[in-house]
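The lines below spell out each chain.
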Amino acid sequence: MTIRQNLIAGDWVGSDAIRNINPSDTNDVVGEYARASAEDTWAAIAAAKAAFPAWSRSGILERHAILRKAADEILARKDELGRLLSREEGKTLAEGIGETVRAGQIFDFFAGECLRLAGEVLPSVRPNIGVEITREPVGVVGIITPWNFPIAIPAWKIAPALAHGNTVVFKPAELVPGCSWAIVDILVRAGLPKGVLNLVMGKGSVVGQTMLDSPDVHAITFTGSTGTGKRVAAASVEHNRKYQLEMGGKNPFVVLDDADLDVAVEAAVNSAFFSTGQRCTASSRVIVTAGIHDRFVAAVGERLKSVVVDDALKAGTHIGPVVDESQLRQDTDYIEIGRKEGARLAFGGELLKRDTPGFYLAPALFTEATNAMRISREEIFGPVAAVIRVKDYEEALAVANDTPFGLSSGIATTSLKHATHFKRNAEAGMVMVNLPTAGVDFHVPFGGRKGSSYGSREQGKYAAEFYTTVKTAYTLA
């Protein structure tokens with residue numbers, strides 16, 4: 001099997017490889033991918049630093065052409081790349097193709113942003129002086145991405161970094177290197193100059209730590225666990241570098257008595273269980289008012305009976321496997337914790353056998369939970385949700401906001417009054433009304449509050465806040 005290598009200074013290098021395993025079929029090896037050393041990572045950082053002066057001053061049409069060409073190839077290969085994504089991560093083929101299309105759209109958007117770079121010209125408060133405000137690239141950007149969106153999240157970090165003239169050292173999650181390798185390969189063939197984008201696959205303790213230790217990494221954008229995010233922050237403060245963190249969530253989905261039951265059930269099931277619950281925007285706390293609680297729980301139980309858990313590539317599958325054995329163990333541990341805390345496991349939660357060996361888990365729905373339980377406080381990151389009964393809207397809002405996280409928050413209601421009040425008062429970076437808490441557009445800001453996020457927003461024109469620095473210039477006329 002051919003080893004997919006790291007890209008450093010324009011050269012494909014590396015022979016120490018690890019196997020990429022399909023969680024739907026653990027006998028299926030997706031590929032072998034090189035594992036970078038600390039020395040490789042230092043070389044990649046040096047290459048990015050050396051390439052920065054020329055790339056930061058490159059023409060906007062050159063950047064536009066490269067990103068647009070990459071977008072076109074991603075979209076043209078959406079079925080192939082979507083299948084690769086589903087094989088290595090375990091989300092359904094429809095979800096894999098959809099995520100791949102989103103990655104292509106992101107590159108297309110930021111290709112356009114290359115042609116929309118702008119500043120301001122203002123009069124000074126002093127006579128005969130002009131003022132120009134411009135945005136310039138930050139420098140070498142370290143990009144660290146998670147395993148749950150292996151093509152979309154790399155896209156929404158790499159594309160704006162390059163569009164704004166930065167060079168990149170990119171470390172994808174070791175669990176899902178395939179899609180990341182494919183994106184880098186596409187960008188290289190699209191004409192990206194040597195050293196502008198460097199790929200270093202491997203362990204976070206080696207590759208990620210080296211990036212954190214380097215004073216030549218001028219900004220780091222990280223998506224992953226809260227614990228690692230805190231380490232990124234501490235190391236970045238030491239070097240006075242910019243850093244951007246997207247971390248955990250414990251997103252609430254509120255269902256009020258006046259909700260359309262069908263809409264509420266579909267939104268809740270999608271929020272909690274689709275993509276195997278492995279989304280930072282997933283809702284694992286479903287907060288339901290007393291008047292609709294019993295009907296809602298019964299309807300969710302009926303809906304879950306029709307959900308098919310199976311091989312991600314198989315037609316008719318709604319939910320694929322958990323990503324790996326470690327994550328599956330974490331999910332089942334939390335199911336046991338929920339039982340011991342006194343919540344009632346109303347549906348699912350058992351390990352499943354399928355035609356191929358994989359990490360299959362029936363979606364688990366707890367009832368009679370409280371917001372003080374660990375299953376209501378801690379991010380599980382799997383197909384496990386807890387229903388919390390409350391008396392009215394006011395209590396629902398209070399419980400929804402009673403969390404150290406603040407990424408996404410949702411409500412099901414037909415009341416304009418409550419929808420409007422919730423949008424204003426939900427303590428989250430993103431609010432959904434009669435929609436799943438997961439599922440966002442690529443051209444608008446993404447991010448949260450409290451323990452979920454730190455720094456400026458990702459995606460859309462708001463990405464410029466992180467990937468550029470502002471310069472103010474004065475000229476005597």
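In this text, all values refer to a predicted model and were calculated from it rather than measured experimentally.

What counts and how
Residues numbered from 1 in each chain as written. Predicted model: local features only at pLDDT ≥ 70, side-chain atom pairs only at ≥ 80, totals over all residues. Heavy atoms only, no water. Pairing = 2+ DSSP bridges. Helix = DSSP H or I, 4+ residues; strand = E, 2+ residues; numbered from the N terminus. Axes fitted to C-alpha atoms, helices over the stretch in contact; angles between N-to-C directions. Contact = heavy atoms within 4.5 Å. Salt bridge = Lys/Arg side-chain N within 4 Å of Asp/Glu carboxyl O. Buried < 20%, exposed > 50% of the residue type's maximum accessible area, 1.4 Å probe, protein only. Core = buried A, V, L, I, M, F, W, Y, C linked by side-chain atoms within 4.5 Å. Expected span 1.5 Å × (residues − 1). Polar contact = N/O pair within 3.5 Å; in protein donor to acceptor, adjacent residues only side chain to side chain.

**A word on the pairing of strand β7 (residues 129-137)**
The two faces of a sheet get side chains in turn, since along a regular strand they alternate between them.
So, step 1. Judged from the 4 bridges that link them, strand β6 (residues 120-123) and β7 form a sheet pairing that is antiparallel. The residue bridging Val121 from the neighbouring strand is Glu132, located in β7.
So, step 2. Connecting β6 to the antiparallel partner β7 that follows it, the hairpin turn spans 5 residues, and Asn128 within it adopts a positive phi of roughly 65°.
So, step 3. Taken together, the 9 bridges between β7 and strand β23 (residues 468-476) define a ladder with antiparallel strand orientation. Within the sheet, the bridge partner assigned to Glu132 lies in β23 and is Ala473.

**A few points about the sheet that holds strand β20 (residues 430-433)**
So, step 1. Taken in spatial order, the 7 strands make up an open sheet running β15-β16-β17-β14-β13-β19-β20, and their pairing is mixed. This sheet does not close on itself; its edge strands, each paired only once, are β15 (344-347) and β20. Averaged over all adjacent pairs, the angle separating strand axes in this sheet is 25°, with direction ignored.
So, step 2. Bridge count for β15 against strand β16 (residues 364-369) is 3 bridges, and the pairing is antiparallel. Among the inter-strand pairings, Arg344 is bridged to a residue of β16, identified as Thr367.
So, step 3. Lying over the sheet, helix α10 (residues 290-305) contacts β13 (251-255), β14 (283-289), β15, β16 and β17 (384-390), oriented at roughly 140° with respect to β14.
So, step 4. Relative to the sheet, helix α13 (residues 393-401) contacts β13, β14, β17 and β19 (408-412), its axis offset from that of β14 by approximately 165°.

**A closer look at the pattern of salt bridges**
So, step 1. Scanning the model with the defined rule gives 27 salt bridges in all.
So, step 2. Glu325 is paired through a salt bridge with Arg329; the nearest N and O atoms lie 3.9 Å apart. In this pair, Glu325 and Arg329 are both assigned in helix α11 (residues 325-341), 4 residues apart and thus about one turn of the helix distant.
So, step 3. Among the salt bridges present, the one from Arg374 reaches Glu378, with a minimum N-O distance of 3.0 Å.
So, step 4. We classify Arg374 as partly exposed; its relative accessible area is 38%.
So, step 5. Salt bridges here are not isolated pairs; linked through shared partners, they connect Glu73, Arg77, Glu80, Asp185 and Arg189.

**Describing the sheet that holds strand β1 (residues 3-4)**
So, step 1. Spatially, the 3 strands line up as an open sheet ordered β1-β5-β4, and their pairing is mixed. Bordering the open sheet on either side are β1 and β4 (17-22), each of which pairs with just one other strand.
So, step 2. Summarising the sheet, β1 and strand β5 (residues 25-34) pair through 2 bridges and their orientation is parallel. Bridge pairing in β5 links Arg4 to Tyr33.
So, step 3. Running at roughly 40° to β5, helix α6 (residues 177-189) makes contact with β1, β4 and β5 of the sheet.

**Some points on the nonpolar core**
So, step 1. Among the nonpolar cores identified, the biggest contains 63 residues, and Leu67, Phe107, Leu162 and Leu187 are the most heavily contacted of them.
So, step 2. Among the elements that take part in this core, helix α5 (residues 152-163) stands out by supplying 9 residues, more than any other.
So, step 3. Beyond its immediate stretch of four places on either side in the chain, Phe107 contacts Leu67, Ala70, Ala71, Ile74, Ala155, Ile158, Ala159, Ile183 and Leu187.
So, step 4. Listed in part, the 29 residues of the second largest apolar core include Tyr334, Phe366, Val384 and Ala386.

**Considering α11**
So, step 1. The end-to-end C-alpha distance of α11 is 24 Å, a good match for the 24 Å that 17 residues give at a rise of 1.5 Å each.
So, step 2. Residues of α11 that are buried include every one of Gln327, Leu328, Asp331, Tyr334, Ile335, Ile337 and Gly338, and no others.
So, step 3. Those residues of α11 that are buried are in contact with β15, β16, α12 (374-377) and β17.
So, step 4. Looking one or two residues beyond α11, the residue adopting positive phi is Gly342, at roughly 105°.

**Some points on the environment of Asp311**
So, step 1. Secondary-structure assignment places Asp311 in the loop between α10 and α11.
So, step 2. Separated by 36 residues in the primary sequence, Asp311 and Ser275 have C-alpha atoms spaced 13 Å apart.
So, step 3. Dropping the residues within four chain positions of it, Asp311 is found in contact with Ser24, Thr317, Thr356 and Tyr360.
So, step 4. Side-chain polar atoms of Asp311 contact the backbone nitrogen of Leu313, separated by 2.9 Å.

**Examining the environment of Ala219**
So, step 1. Examined against the element boundaries, Ala219 turns out to sit in strand β11 (residues 219-223).
So, step 2. With relative accessibility at 0%, the residue Ala219 sits in the buried group.
So, step 3. C-alpha separation for the pair Ala219 and Gly447, spaced 228 residues apart in sequence, amounts to 18 Å.
So, step 4. When near neighbours in sequence (up to four residues on either side) are disregarded, Ala219 contacts Val138, Val140, Val141, Gly142, Arg241, Lys242 and Phe466.

So far we have only geometry, and geometry alone does not tell us how the molecule works.
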